[in-house]
Amino acid sequence: MAIADRHGLPVALWATSATPHETQLVEELLIQRSTSTFPKKLVGDRAYDSEPLDLMLAGKVLSL
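Residues numbered from 1 in each chain as written. Predicted model: local features only at pLDDT ≥ 70, side-chain atom pairs only at ≥ 80, totals over all residues. Heavy atoms only, no water.

Peer 1: Which residues make up the overall build of the protein, and what are the values?
Peer 2: In terms of helices and strands, the protein carries two helices and two strands. Starting at the N terminus and walking to the C terminus, you meet the elements of the protein as β-β-α-α. Referenced to the eigenvectors of the C-alpha coordinate spread, the extents of the protein come out at roughly 25 × 25 × 20 Å. For the protein, with 64 residues in total, the buried portion stands at 20%. For the protein, the share of sequence-separated contacts (at least 6 apart) that also reach a separation of at least 24 residues comes to 38%. By element, 55% of the accessible surface of the protein is carried by carbon and sulfur atoms, the whole surface being about 5000 Å². (Helix = DSSP H or I, 4+ residues; strand = E, 2+ residues; numbered from the N terminus. Buried < 20%, exposed > 50% of the residue type's maximum accessible area, 1.4 Å probe, protein only. Contact = heavy atoms within 4.5 Å. Areas by Shrake-Rupley, 256 points an atom, 1.4 Å probe, with all protein chains shown as cover.)

Dropping the structure here:
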């Protein structure tokens, strides 16, 4: 998995088993990021449309 900024530069890269659904891997990917700040905005495809993921990300952003 990878996260890139709006210019296409990698912010986080993480390789793991393909067994878990992508929404279950986002938190660990964000922990592995190469930047000290949490991204202000994340955009994902339809596979990331998950209420539990939205709540987890909202908690991360609000706790900063």
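Having seen the model, we can carry on.
Peer 1: So what about the environment of alanine 18? Which residues, and what values?
Peer 2: Relative to the helices and strands, alanine 18 is located in the loop between β2 (10-13) and α1 (26-31). Judged by its relative accessible area of 77%, alanine 18 is exposed. Residues alanine 18 and methionine 1 lie 17 residues apart in sequence; the distance between their C-alpha atoms is 9.9 Å.

Peer 1: Go over the nonpolar core, please, and point to the residues and values.
Peer 2: Listed in full, the nine residues of the largest apolar core are Ile3, Val11, Ala12, Val26, Leu29, Leu30, Phe38, Leu53 and Leu57. Residue assignment for this core shows that the elements contributing at least two residues are β2, α1 and α2 (51-62). It is α1 that provides the largest number of residues to this core, a total of three residues. (Core = buried A, V, L, I, M, F, W, Y, C linked by side-chain atoms within 4.5 Å.)

Peer 1: Before we move on, can you summarise the pairing of β2 with the specific residues and values?
Peer 2: As paired elements, strand β1 (residues 2-4) and β2 share three bridges and run antiparallel to each other. Opposite alanine 4, over in β2, you have proline 10 as the bridge partner. Counting the residues that bridge the hairpin from β1 to β2 gives five residues, and of these glycine 8 lies at a positive phi of roughly 90°. (Pairing = 2+ DSSP bridges.)

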